[in-house]
Amino acid sequence: MSLPEPTDVIAPREDVPYSTFDFLTQMMEGAYPHGIALEYHDLVLISQVDDAQMTNVWCVHAEDGSMIESLNLDAFRTATELEETLDESVAYDPADREEWVNSR
C-alpha cells in the first residue's frame with residue numbers, strides 16, 4: 001500500500017520550536033484534516049477525522065504501509081496517554097495489524 005507522504009515529523013524532534021507533545025495535543029483537538037499524514041518515529045499516522053460525524057480517528061501504519069491499528073483519540077484523556085500508546089507500538093515494532101493484536 002502506498003501511503004501519503006508525511007507533511008511533518010512529530011517524533012523524534014530536535015532543535016525545533018514545536019515539541020512532540022504540541023503535535024499530539026493538536027491531533028487530540030482535531031486540528032488536522034482528513035487524510036493528513038504525520039511521521040512518528042517509523043510509524044505513519046493518517047488522519048481519518050470526519051467533521052460530519054465528529055470522530056477523531058487516526059490510522060497507524062508501519063513504514064511499509066501495512067496498517068497496525070486505528071486510534072480513536074477521543075478515548076485518550078491526555079496527550080501523554082496517546083504518546084505512551086504510540087511509544088508502545090514503536091517499541092514492539094509489529095509487522096502488521098494481526099501481529100499487533102495478537103501481542104496484546
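Check the entry above for the structure.
These numbers were taken from a predicted model, which means no experiment stands behind them.

Student: I'm lost on the pattern of salt bridges in this one. Help?
Tutor: Between side chains of opposite charge, a pair can form as their charged atoms come close. Overall, the coordinates contain one salt bridge when judged by the stated rule. Notably, a salt bridge pairs Arg 77 with Glu 81, separated by 2.8 Å at the nearest N-O pair. Take Arg 77: its relative accessible area is 71%, and that puts it in the exposed class.

Student: Got a minute to help me understand the nonpolar core in this structure?
Tutor: Soluble globular proteins tend to bury their nonpolar side chains together. Within the largest apolar cluster, 23 residues are counted, with the highest numbers of intra-cluster contacts made by Ile 10, Met 27, Leu 45, Trp 58, Leu 73, Leu 82 and Leu 86. When residues of this core are traced back to their parent elements, those giving at least two are strand 1 (8-11), helix 1 (20-28), strand 2 (37-40), strand 3 (43-47), strand 4 (57-61), strand 5 (67-72) and helix 2 (79-92). Broken down by element, the residue count for this core peaks at four residues, all from helix 1. Here Met 27 is in contact with Ile 10, Tyr 32, Leu 38, Leu 45, Asn 56, Trp 58 and Leu 73, once residues within four sequence places are set aside.

Student: What exactly am I supposed to notice about the packing of helix 1 against helix 2 here?
Tutor: For any two helices packed against each other, the geometry comes down to the angle between their axes and how far apart the axes lie. It is the contact of helix 1 with helix 2, at a shortest axis distance of 9 Å, that shows an interaxial angle of 105 degrees. Between helix 1 and helix 2, the crossing angle belongs to the class labelled roughly perpendicular. Between helix 1 and helix 2, the residues in contact are Thr 20, Phe 21, Leu 24, Thr 25 and Met 28 and Ala 79, Thr 80, Leu 82, Glu 83 and Leu 86, respectively. Along the lines of polarity and charge, the residues of the contact of helix 1 with helix 2 split into six nonpolar, three polar and one charged.

Student: Would you mind going over helix 1 with me for this structure?
Tutor: An α-helical turn contains 3.6 residues, so any two residues separated by three or four positions project in the same direction. Of all the positions in helix 1, only Thr 20, Phe 23, Leu 24, Met 27 and Met 28 are classed as buried. Take helix 1 and look down its axis: the buried residues cluster within an arc of 140 degrees, on one side only. The elements touched by buried residues of helix 1 are strand 1, strand 2, strand 3, strand 4 and helix 2. Positive phi shows up at Gly 30, right after helix 1, with a value of about 80 degrees.

Cut-offs applied
Residues numbered from 1 in each chain as written. Predicted model: local features only at pLDDT ≥ 70, side-chain atom pairs only at ≥ 80, totals over all residues. Heavy atoms only, no water. Salt bridge = Lys/Arg side-chain N within 4 Å of Asp/Glu carboxyl O. Buried < 20%, exposed > 50% of the residue type's maximum accessible area, 1.4 Å probe, protein only. Core = buried A, V, L, I, M, F, W, Y, C linked by side-chain atoms within 4.5 Å. Helix = DSSP H or I, 4+ residues; strand = E, 2+ residues; numbered from the N terminus. Contact = heavy atoms within 4.5 Å. Axes fitted to C-alpha atoms, helices over the stretch in contact; angles between N-to-C directions. Parallel < 35°, antiparallel > 145°, perpendicular 65-115°, else oblique. Nonpolar A, V, L, I, M, F, W, Y, C, P; charged D, E, K, R; others polar. Arc of directions from axis to C-beta.

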